[in-house]
Amino acid sequence: LGFPNVGKSALINRLIGRAKCKSENRAGVTRSFNWAAFGARKTGVRASAGGKQPQLQLLDTPGIIPAKQVGQRSAYMLAVCDDIGAAAYDTRAVALTLIEELRAAKSGYIPPDALEARYGHGLAEQSAEAFLERVAEERCGGDLTRAETMLLRDF
């Protein structure tokens, strides 16, 4: 068990030496519980695995976020970092949260002029909603959903 997108499936695949568990660099790929055998030992009893039985069974699980441990802001930040599958959140709310976080960050995330260089205008002169609407008009033919997705992917 673990948080989403931390490499549970990739670790199991590494341990067993083959791609038993589907693994990608995005959240939400593992959708069900998957058992994978690790190692095998010979037995004197005839088994369905040709006389060998697994020494250890590993269980791959979807990512789990304890509801009581993650507040709304933390959940938004997990979504911004693509650690929660897109079906689990409102893209517009997450995109607006990202814009507000970038506005509040004095330094660290990105250079101050990076948004202006990428989108043609900065955050200082407008609200998060206005920034997103302007990006939608100028870069996505007015499609807010495309603008939200583009902004989150760019980040």
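Residues numbered from 1 in each chain as written. Predicted model: local features only at pLDDT ≥ 70, side-chain atom pairs only at ≥ 80, totals over all residues. Heavy atoms only, no water.

Within the secondary structure, valine 6 sits in the segment before α1 (8–16). Taking the C-alpha atoms as reference, valine 6 lies 9.8 Å from arginine 26; in sequence the two are 20 residues apart. (Helix = DSSP H or I, 4+ residues; strand = E, 2+ residues; numbered from the N terminus.)

Counting residues in hydrophobic clusters, the biggest one holds 24 residues, and the most contacted among them are Ile99, Tyr119, Phe131 and Leu151. Of all the secondary-structure elements, those providing two or more residues to this core are α2 (72–80), α3 (91–104), α4 (114–119), α5 (128–139) and α6 (144–154). Here this core takes six residues from α3, the largest share from any one element. For isoleucine 99, the contacting residues outside a window of four places in its chain are Leu123, Ala128, Phe131, Leu132 and Leu151. By size, the runner-up hydrophobic cluster in this structure holds five residues, among which are Ile16, Cys21, Ala36 and Leu58. (Core = buried A, V, L, I, M, F, W, Y, C linked by side-chain atoms within 4.5 Å. Buried < 20%, exposed > 50% of the residue type's maximum accessible area, 1.4 Å probe, protein only. Contact = heavy atoms within 4.5 Å.)

Turning our attention to the side chain of asparagine 13. By the element assignment, asparagine 13 lies in helix α1. Discounting chain neighbours no more than four positions away, the residues touching asparagine 13 are Arg18, Ala19, Lys20, Cys21 and Ser23.

Moving on, we get to the side chain of glutamate 148. Along the polypeptide, glutamate 148 turns up in helix α6. Not counting residues up to four positions away in its chain, the partners in contact with glutamate 148 are Thr91, Arg92, Ala95 and Leu132.

This part is about the pattern of salt bridges. Evaluation of the coordinates by the stated rule reveals three salt bridges. Two residues, glutamate 148 and arginine 92, come together in a salt bridge whose shortest N-O distance is 2.4 Å. On the criterion of sequence distance, the pair formed by glutamate 148 in helix α6 and arginine 92 in helix α3 is long-range, its members being 56 residues apart. Across the pair arginine 134 and glutamate 138 runs a salt bridge whose closest N-O atoms are separated by 3.0 Å. Here arginine 134 and its partner glutamate 138 are both found in helix α5, four residues apart, which amounts to about one turn of the helix. Owing to a relative accessible area of 46%, glutamate 138 belongs among the partly exposed residues under this scheme. (Salt bridge = Lys/Arg side-chain N within 4 Å of Asp/Glu carboxyl O.)

Another aspect to go through is the packing of aromatic side chains. All told, the structure shown has one aromatic pair when counted by the stated rule. Ring geometry for tyrosine 119 and phenylalanine 131: centres 5.8 Å apart, planes at 85°, overall edge-to-face. Pair noted here: tyrosine 119 is in helix α4 and phenylalanine 131 is in helix α5, with a separation of 12 residues, a long-range link. With respect to burial, tyrosine 119 and phenylalanine 131 carry one shared label: buried. (Phe/Tyr/Trp six-rings, centres within 6.5 Å; stacked < 30°, edge-to-face > 60°.)

The subject of this paragraph is α6. The complete set of buried residues in α6 reads Ala147, Glu148, Met150, Leu151 and Leu152. For α6, the secondary structure elements touched by its buried residues are α2, α3, α4 and α5. Structurally, the start of α6 carries an N-cap: the backbone nitrogen of threonine 145 is 3.0 Å from a side-chain oxygen of aspartate 143. (Polar contact = N/O pair within 3.5 Å; in protein donor to acceptor, adjacent residues only side chain to side chain.)

Below, the discussion takes up the environment of threonine 30. Structurally, the position occupied by threonine 30 is in the loop between α1 and β1 (34–42). Sequence separation between threonine 30 and glycine 63 is 33 residues; the distance between their C-alpha atoms is 7.8 Å. Those residues in contact with threonine 30, other than ones at most four positions away along the chain, are Ser9, Lys22, Asp60, Thr61 and Pro62. Side chain to side chain, threonine 30 and serine 9 meet in a polar contact 3.0 Å long.

Here the focus is α3. Here α3 is 14 residues long and its end C-alpha atoms lie 20 Å apart, about the 20 Å a rise of 1.5 Å per residue gives. α3 sits mainly inside the fold: 10 of its 14 residues count as buried. If you check which residues of α3 are buried, you get Thr91, Ala93, Val94, Ala95, Leu96, Thr97, Leu98, Ile99, Glu101 and Leu102. In this fold, the buried residues of α3 make contact with α2, α4, α5 and α6. (Expected span 1.5 Å × (residues − 1).)

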